[in-house]
Every structure is written in structure tokens, then in C-alpha cells.
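Descriptive structure summary
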Amino acid sequence: SPAALAVLAGTVCVLLAGALLTLTCGKGCSAILSASQEAEKGKPVFIDLTVKNASLLPVCRCSMILECSNILTGEQVEIPLSFSLWPRGSAALQAELAAPYCGCLSCCIREASVGDLFSLYRARRRLRAEARTYVMPQIQEAEFSPQELDAYNMESYRYSASRKGNDPGDTFGIREYEEGDSLKTIHWKLTGKLGDLMVRELGLPVENNIMLLLEKGMEPGNPLTPQQRDKAAELFLSLSHTLLSHQITHSAGWQDYRSGQFISRRIED
């Protein structure tokens, strides 16, 4: 009948128009991801997405999947987004992420596609954007005993000019003998010249060969939970902070599993 023919013709036109629009639209789109440089642990992190359509054709339905991962703890989430774009128009969206653990949050567009108004057709588009934000750890003062803080390397070649120690390799000063002094510290040559017992005050090496190693537990067979990795990183940084507060320079090292290299950095301030 003429009515059925009209419906059929209209359906074919809609299908052809939808296929043609899907194939041609969205090619002039660009995306920008942005986030604050730092975030506080335990509070939400907001990722801003801005998509611009430079074409004269509208984008009836644009779908994206944001992939967000914590590089330190290994957590990974996917956020689906869907929106429309007018010709020469733009869209601004915001995604909210939970940040229970410290680390570097890296977000990127894993997949992007455009479709017609009825979602009958879909075509992929290459959209690249990335944003990073650092969820700061909670650093605390670690507890060290005086014996641990005064530990030193016997093979050090640098000695303190303001503090004495227990290393016989260097003389900090000369003084008269006092009760309780070790006989090994008596300066016999100077004692023979002066006629009184003189002792050597021993030096204190100041070069501490200390390296803090962070075990991230990412190798096969030794998995750590995200909470354990978070605690390990905070302890790692708290130990470094405590050493610096006692003016002890040191090194920090960790394994970069992406490049397969061991990374070390000298920490002086």
C-alpha cells in the first residue's frame, strides 16, 4: 500500500542518513583532560574533560571510556561518558574519582566512538588526551633510637668537625686523661713529652651509606594489596623525612617494572 511504501522509504532514508552521518561526523573533534596537580588522600579527585567539535556536522552521540589507574597501587577503574556536540560546539564534563590511597593517578581516553541518534551505527574515533594528579601521602616522623641515628660507616673518609664519635681512624681532639677513659685512647707520644696522661678523642664519620629500598610487590608471585602498597610508600617517605630532619643524607631506590631498570636518587634536602 502507499502508506507501507512511505514508511519503508522513510526508514531507508533514516538508515542511510544515520550511516552517512556516523561515517563523516566526529573527525574534527579534539579532547583535553585536566586535573589539579596535587590532591589530598581520602578526598575525591575531579577530572575535567573538554571536547570540541571543529566540524560543521553535529555529533548526535559521542561515547568515551576514561581509564584511570593508580601507578603506585595498581588500582584501575573505567568511567563511561556519553554526550552530544553541536556543529562548532563543545562539551565540558567532569568525572569524580575516589582516592583512598596515595600515588599517581593517570587518566586517559581508552576508547572513543560516535554514533547516530538511534545508536544503530557506531564508528571509532582517535582521540588522545591524558592527565595526571598526585595524591599526596601522609608523612609522619618515624621513631629511631639514638643508637640507630648515631650508627656510621667505619669505612667513611669524612669526619665531623663539631662532634666526636667512636672511630679510631680519626682524632677529634686531645685532652687530659679522665677516669673511665679507655687505655687504647692514650696518646703515648704526647704523654711522654708533657709528663701527663693525654688521650685522643675519637672522630665521628659523617658519610652515611644509607639506601632506602621500596618494595612495590609487582613482580609475579609476590602480590601486595593496594592498601599494603600505600602503607609501604608512606613508611618509605616517612623514613626519608626523618633521616633528613636529623641531617642524614641518604639514597632512595626502587625497581621500575616498566623499563626493567633499577632507579636510585640521592636525597640531600
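What comes next concerns the included structure. All values derive from a computational prediction rather than experimental measurement. (Residues numbered from 1 in each chain as written. Predicted model: local features only at pLDDT ≥ 70, side-chain atom pairs only at ≥ 80, totals over all residues. Heavy atoms only, no water.)

Turning our eyes to something else, we now look at the environment of Arg175. Its location among the elements puts Arg175 in strand S10 (residues 159–176). By relative accessible area, which is 22% here, Arg175 ends up partly exposed. Sequence-wise, Arg175 and Ser251 are 76 residues apart; in three dimensions their C-alpha atoms are separated by 37 Å. Sequence-distant contacts of Arg175, that is, excluding residues within four places in its chain, are made with Asp181, Leu197, Met198, Val199 and Glu201. Within the structure, the side chain of Arg175 is placed 3.2 Å from the side chain of Glu201, a separation counted as a polar contact. (Helix = DSSP H or I, 4+ residues; strand = E, 2+ residues; numbered from the N terminus. Buried < 20%, exposed > 50% of the residue type's maximum accessible area, 1.4 Å probe, protein only. Contact = heavy atoms within 4.5 Å. Polar contact = N/O pair within 3.5 Å; in protein donor to acceptor, adjacent residues only side chain to side chain.)

Take the layout of surface pockets next. Considered as a void within the structure, the largest pocket measures approximately 800 Å³ in volume. If you trace the largest pocket, you find 23 residues lining it, with Ile71, Leu72, Cys104, Lys216 and Trp254 closest to the centre. Secondary-structure elements contributing two or more residues to the lining of the largest pocket are strand S7 (103–115), strand S9 (130–136), helix H4 (226–245) and strand S13 (250–256). Residue composition of the lining of the largest pocket, by class: 17 nonpolar, two polar and four charged. (1 Å grid on protein atoms, 1.4 Å probe; cavity = no way out; pocket = protein on both sides within 12 Å on 5 of 7 lines; lining within 4 Å. Points joined across faces, edges and corners; volume = space filled by probe spheres on them. Nonpolar A, V, L, I, M, F, W, Y, C, P; charged D, E, K, R; others polar.)

Another point: the environment of Arg110. Its place among the elements puts Arg110 in strand S7. You can call Arg110 partly exposed: its relative accessible area is 39%. Along the backbone, Arg110 and Trp86 are 24 residues apart, and their C-alpha atoms lie at a distance of 23 Å. Those residues in contact with Arg110 that lie beyond four places of it in its chain are Ile65, Glu67 and Glu78.

A few words now on the sheet that holds strand S6 (residues 90–97). Strand order across the open sheet formed by three strands is S1-S3-S6, with antiparallel pairing between neighbours. Across the chains shown, the open sheet's two edge strands, defined by having one partner strand only, are strand S1 (29–34) and S6. Looking at each pair of strands side by side, their axes are set apart by 20° on average, direction ignored. Relative to S6, strand S3 (residues 45–53) is paired through eight bridges, and the arrangement is antiparallel. Its bridge partner lying in S6, Phe46 is registered against Glu96. (Pairing = 2+ DSSP bridges. Axes fitted to C-alpha atoms, helices over the stretch in contact; angles between N-to-C directions.)

The quantities given are spatial measurements derived from coordinates; they are silent on function.
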